[in-house]
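One-letter residues, chain by chain:
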Amino acid sequence: MKKYNTPLIDDLEKGPWPSFVTEMKKAAKTNEMANDAVGHLEKCYSTKVGYWKHGGIVGVLGYGGGVIGRYSELGDEFPGVAHFHTVRLNQPSGFFYTSKALKEICDIWDKYGSGITNMHGSTGDLVLLGCRTESLEAVFAEYSSRGWDLGSSGSALRTPSCCVGPARCEWANYDTLDLNYALTQEFQDEMHRPSFSYKFKFKLSGCACDCVASLARSDMSIIGTWKGNIVIDQAEVKNYAKNRMDINAEIVNMCPTQCISYDGKEMKIDNAECSRCMHCIAKMTKALKPSGEKGATICIGSKAPIVVGSLLSWVVVPFIKLEPPYTELKELIRKIWDWWDENAKPRERIGEVIETKGMRSFLEYIGVPPLPQQIKEPRKDPFMFYTEEDITAYKAKEAEEKKTGKYKF
Amino acid sequence: MALPQRKTDIGPPHYKQFLPPVIQKNYGKWKYHEVLTPGTMVHVGESGDKIWTVRVASPRLLSTATIREQCDIAEKYCDGYLRYTTRNNVEFIVSDEKKLEPLKKELKDKGFKMGGIGYGISNIVHTQGWVHCHSAATDASGLVKSMMDELYEYFESKRLPNKLRLAVACCVNMCGAVHCSDIAIVAVHTKIPTIAHANFKNMCELPTVIGSCPTRAISPDTAQKSVKINPEKCMFCGNCFTVCPPMSIKDPERDGIAIVVGGKVSTLRTNPKFSKLVIPYISNEPPRWPKVVAAVKHIVEVYAANARKHERVGEWIERVGWERFFSLTGIEFTFHSIDDFTFMRDTLRTSPAFKW
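Residues numbered from 1 in each chain as written. Chains lettered and ligands numbered in written order. Predicted model: local features only at pLDDT ≥ 70, side-chain atom pairs only at ≥ 80, totals over all residues. Heavy atoms only, no water.

Here the focus is the overall build of chain A. Helices and strands together make up the secondary structure of chain A, namely 15 helices and 14 strands. A principal-axis box enclosing the C-alpha atoms of chain A has dimensions of 90 × 65 × 40 Å. Evaluated residue by residue, chain A yields a buried proportion of 59% over its 409 residues. Considering only residue pairs separated by 6 or more positions, chain A has 65% of its internal contacts joining residues 24 or more positions apart. On chain A, roughly 17500 Å² of surface is accessible, and the fraction owed to carbon and sulfur atoms is 53%. Placing the 53 positive and 53 negative side-chain charges of chain A at their respective mean positions leaves the two points 3 Å apart. (Helix = DSSP H or I, 4+ residues; strand = E, 2+ residues; numbered from the N terminus. Buried < 20%, exposed > 50% of the residue type's maximum accessible area, 1.4 Å probe, protein only. Contact = heavy atoms within 4.5 Å. Areas by Shrake-Rupley, 256 points an atom, 1.4 Å probe, with all protein chains shown as cover. Lys, Arg positive; Asp, Glu negative; His and termini not counted. Charge placed at Lys NZ, Arg CZ, Asp CG, Glu CD.)

Here it is as structure tokens:
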């Protein structure tokens, strides 16, 4: 095996934080591809440019995604990275594993690939970095015969991902792991055979703490919430006070709707005014607990800045119950995709299409009424699309008022 | 040797087989949790069962050898179960308190770093960089390593007014969704693409390339069967390069780093927010990026000294005002922080009430 002199990246083996360079070198001890990846990276550090080419079309038979082609411009100098494709394995909900399963994944990867992984990629997949084209079918046969499937890539439904949810969190308002699994299974075709205008992502958070950052980075953000009161355990409130929590400063005054009061003995919450932001519950988890109907808020459209600026997801369905088999949600998803498919130009995310075509067009198509929960504030300018039906409806309402003698605004 | 029979569209394995029995038993019935140290927390079920989680740092890029070491520890202390977090840490969970200290001791002896829970700095989410991406303007893993070495005490022990989420994106595509982080690093280009005209007609679609430009700077160049770029309109986003490889935008001496601050995704107290640009350009200086690291550490320290308990970076800045953020940090305010793209209307000040 060729020995590379790597003074620049060697510097990144020093210091307390675990080193990715050490990891690459660990793989390089027994793996020619990883060894060339180390030399290749040192070259990038010395010239300050990357040498990876745009992905080519590679994959496994019958799939249009899940493998991302990656070739180096420097294949002659570093033959081990001439082909260095990414294989995305669909992670289990919540990133839980057994050592048996993980070791099996490692054994296969050592046999066919570079021995380098990402645990995990940004979207959520278990990412295997560095595989030659001719090994892809074998890799897929080995993994799929043991129960592992590929994730997604390209203009498709990307691999759904969720927070730890009810597996280890008291705040989950729905079963994020189960819904994540159910949606992944339901939409295998949309994941593996790209037929969308661009990518589409689901991210599932059990509460508004949003540990998977769904509101910032998923076309459909499914964020757990509840309709009902926050139940207060006054004895635990006393314990927090005794343990030197300044309840007025840290909880009451930081409540965005000012719906909490505390007189030094008892805490009260005006539940009708609570916006369910999670601050008080997160800080006093022993004392405060949501109750009543559990479900989620569906928000649509977030993405990173390319092309005309970042978007956060917009509230579309303020509350939906989420229980197996999740029929209502699945139907909503299909309607959303239909509208997107009819209106999007190539490489347009759904948020961008809503911006172009208008939220009204979108909401009408998917059958969701206009609600004040969907907006921060109403429109500021007086230019509106009045349809003939709108005016007919307003006139009809006024005719009704004349009959009854009572205005209905 | 014959390969096993492939299967298609089976989806991932069902998660339940990977859940420790104590989690299956208490699934959806957790009562509360407490952060014991920056590296450990305990969850208590309604049943009275308790589980202790130990969180361990990871560079995200792992060799199979290290994954096997993690598996060995899981076998020794956690009946073979382990999990990873959305910020790429590794978590070991024990249901027997007697196993907690021996687990921590072994992790420490083996060089694993525990921390990242609660009001400090957890792992940095990041993109592929030079390790594996074609559009990287810098190396994300190297920046992460350099920053976490310097900020390590905030992972392991030192506390902050609230958690502080860091992220790195190696180009403005921002695969890592850095745009809602407390402090984020994004690599930027600063020169217009050079076009290899001879390759254009074979590798690129004209309408797609023209449509990819957010500022309509690209128009057809019929003589060359290619395109031309209006240099006055180009904002160096590189989206044309994404759809058309001959439009190369990489430049080793001019590519650099910008720093954005004040984003968050949770709704706690205040609404989710985007991160905003405060430092427009620092030169790309591998392998350690000393000025970037110093700038991030400085912002963390000014936040730690000035924010109230429970305030995230963006909440602290909104309370004191952006003009105060710039005066407290001493960061020079430049034209680049004034939006001249899609968010101008929302971001210019419309009131004479401000601070000096």
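Taken together, the side chains of Lys 345 and Lys 357 of chain A together with Arg 216 and Lys 233 of chain B make up a positively charged region of the molecular surface. Mapped onto the elements of the fold, Arg 216 of chain B is located in the loop between α7 (206-211) and β11 (218-221). (Patch = residues over 30% accessible without salt bridge, like charges linked within 9 Å, V, L, I, M, F, W, Y side chains within 5 Å. Salt bridge = Lys/Arg side-chain N within 4 Å of Asp/Glu carboxyl O.)

Turning next to the pairing of strand β2 (residues 40-45) of chain B. Residue and element names in this part refer to chain B. The element β2 is extensively covered by neighbouring structure, given that 6 of its 6 residues are classed as buried. Burial of the side chains of β2 extends over both faces: Thr 40, Val 42 and Val 44 are buried on one face and Met 41, His 43 and Gly 45 on the other. Sheet topology places strand β1 (residues 30-37) next to β2; 6 bridges connect them, and they run antiparallel. Each bridged residue has a counterpart across the sheet, and for Trp 30 the counterpart in β2 is Gly 45. Taken together, β1 and the strand that follows it, β2, pair antiparallel across an intervening segment of 2 residues. As defined by bridge partners, β2 adjoins strand β3 (residues 50-56) across 5 bridges and the pair is classed as antiparallel. Within β3, the position partnered with Val 42 by the bridge is Trp 52. (Pairing = 2+ DSSP bridges.)

With that out of the way, let us pick up the packing of aromatic side chains. The relation between two aromatic rings is expressed through the spacing of the ring centres and the mutual angle of the planes. Residue and element names in this part refer to chain A. Under the defined criterion, the tally for this structure stands at 30 aromatic pairs over all chains. When the centroid spacing of 5.4 Å and the interplanar angle of 50° are considered together, the rings of Phe 200 and Trp 340 count as tilted. Within this pair, whereas Phe 200 is found in the loop between α7 (188-192) and β7 (202-205), its partner Trp 340 is found in helix α12 (residues 327-343), the two being separated by 140 residues in sequence. Accessibility classification places Phe 200 together with Trp 340 in one group, the buried group. (Phe/Tyr/Trp six-rings, centres within 6.5 Å; stacked < 30°, edge-to-face > 60°.)

For the rest of this paragraph, the subject is the pattern of salt bridges. Tallying each qualifying case throughout the model produces 48 salt bridges over all chains. Put simply, Glu 142 of chain A and Arg 146 of chain A hold a salt bridge, and the shortest N to O gap is 2.9 Å. Given the relative accessible area of 6%, Glu 142 of chain A is considered buried. Salt bridges sharing partners connect three or more residues here, namely Asp 11 and Lys 14 of chain A together with Lys 145, Asp 149 and Arg 288 of chain B.

In this section: the environment of Val 131 of chain B. Of note, Val 131 of chain B is situated in the loop between β7 (125-126) and α4 (140-150). A sequence separation of 11 residues divides Val 131 of chain B from Gly 142 of chain B, and the C-alpha atoms of the two residues are 9.5 Å apart. Once residues lying within four places of it in the same chain are set aside, the contact partners of Val 131 of chain B are Phe 20, Leu 41, Trp 52 and Leu 129 of chain A together with Leu 61, Asp 139 and Ser 141 of chain B.

The next thing to look at is helix α13 (residues 350-357) of chain A. Residues separated by three or four positions in an α-helix point in the same direction, a consequence of the helix having 3.6 residues per turn. Turning to α13 of chain A, its buried residues number three or more, namely Ile 350, Gly 351, Glu 352, Val 353 and Ile 354 of chain A. Once α13 of chain A finishes, Gly 358 of chain A follows within two positions and takes phi at roughly 95°, a positive value.

Looking now at the sheet that holds β1 of chain B. Spatially, β3(A)-β5(B)-β6(B)-β3(B)-β2(B)-β1(B) is the arrangement adopted by the 6 strands of the open sheet, whose pairing is antiparallel. Pairing within the sheet leaves two strands with one partner each, and these edge strands are β3 (96-98) of chain A together with β1 of chain B. For this sheet, the mean angle separating the axes of adjacent strands, direction not counted, is 30°. Strand contacts of helix α3 (residues 100-109) of chain B: β2, β3 and β6 (90-94) of chain B, with the helix running at about 10° to β3 of chain B, the strand carrying the most contacts. (Axes fitted to C-alpha atoms, helices over the stretch in contact; angles between N-to-C directions.)

This paragraph deals with empty space enclosed by the protein. Evaluated as defined, the whole model comprises 5 cavities of 30 Å³ or more. In this structure, the largest cavity occupies an estimated 110 Å³ of space. The wall of the largest cavity is formed by 16 residues, among which Cys 213, Pro 214, Cys 234, Cys 237 and Cys 240 of chain B lie closest to the centre. Of the residues in the lining of the largest cavity, the class split is 12 nonpolar, 4 polar and no charged. As a volume, the second largest cavity reaches approximately 90 Å³. Taken together, 16 residues line the second largest cavity, and the ones lying closest to its centre are Cys 255, Cys 274, Cys 277, Met 278 and Cys 280 of chain A. Examining the composition of the lining of the second largest cavity, we find that 3 residues originate from one element, helix α11 (residues 279-283) of chain A, more than from any other. (1 Å grid on protein atoms, 1.4 Å probe; cavity = no way out; pocket = protein on both sides within 12 Å on 5 of 7 lines; lining within 4 Å. Points joined across faces, edges and corners; volume = space filled by probe spheres on them. Nonpolar A, V, L, I, M, F, W, Y, C, P; charged D, E, K, R; others polar.)

Contacts between the two partners involve 117 residues from chain B, matched on the other side by 121 residues from chain A. Of the roughly 10300 Å² buried where chain B meets chain A, counting both sides, 62% is carbon and sulfur surface. When the shortest N-O distance is used, the salt bridge between Lys 48 of chain A and Glu 253 of chain B registers 3.8 Å. Among the elements that take part in the side of chain B that touches chain A, helix α2 (residues 64-77) of chain B stands out by supplying 9 residues, more than any other. (Buried area = accessible area lost by both parts, 1.4 Å probe.)

Here the focus is the sheet that holds strand β4 (residues 113-119) of chain A. Ordered by their spatial adjacency, 5 strands build an open sheet running β1(A)-β2(A)-β5(A)-β4(A)-β4(B), and the pairing between neighbours is antiparallel. The open sheet is flanked by β1 (67-68) of chain A together with β4 (61-63) of chain B, the only strands paired with a single partner. Here β4 of chain A pairs with β4 of chain B via 3 bridges, running antiparallel. Bridge pairing in β4 of chain B places Thr 117 of chain A opposite Leu 62 of chain B. Across the sheet, α2 of chain B touches β4 of chain A together with β4 of chain B, and the angle it forms with β4 of chain B is around 80°.

This next bit is on the state of the cysteines. Residues and elements named next belong to chain B. Overall, the coordinates contain 1 disulfide over all chains when judged by the stated rule. A sulfur-sulfur separation of 2.1 Å characterises the disulfide bridge that pairs Cys 204 with Cys 244. Given an S-S torsion of about 75°, the disulfide between Cys 204 and Cys 244 has right-handed geometry. Linking Cys 204 in the loop between α6 (197-203) and α7 with Cys 244 in the loop between α8 (239-243) and β13 (247-248), this pair joins segments that are 40 residues apart in sequence. Using a relative accessible area of 12% as the deciding quantity, one classes Cys 204 as buried. (Disulfide = S-S within 2.5 Å.)

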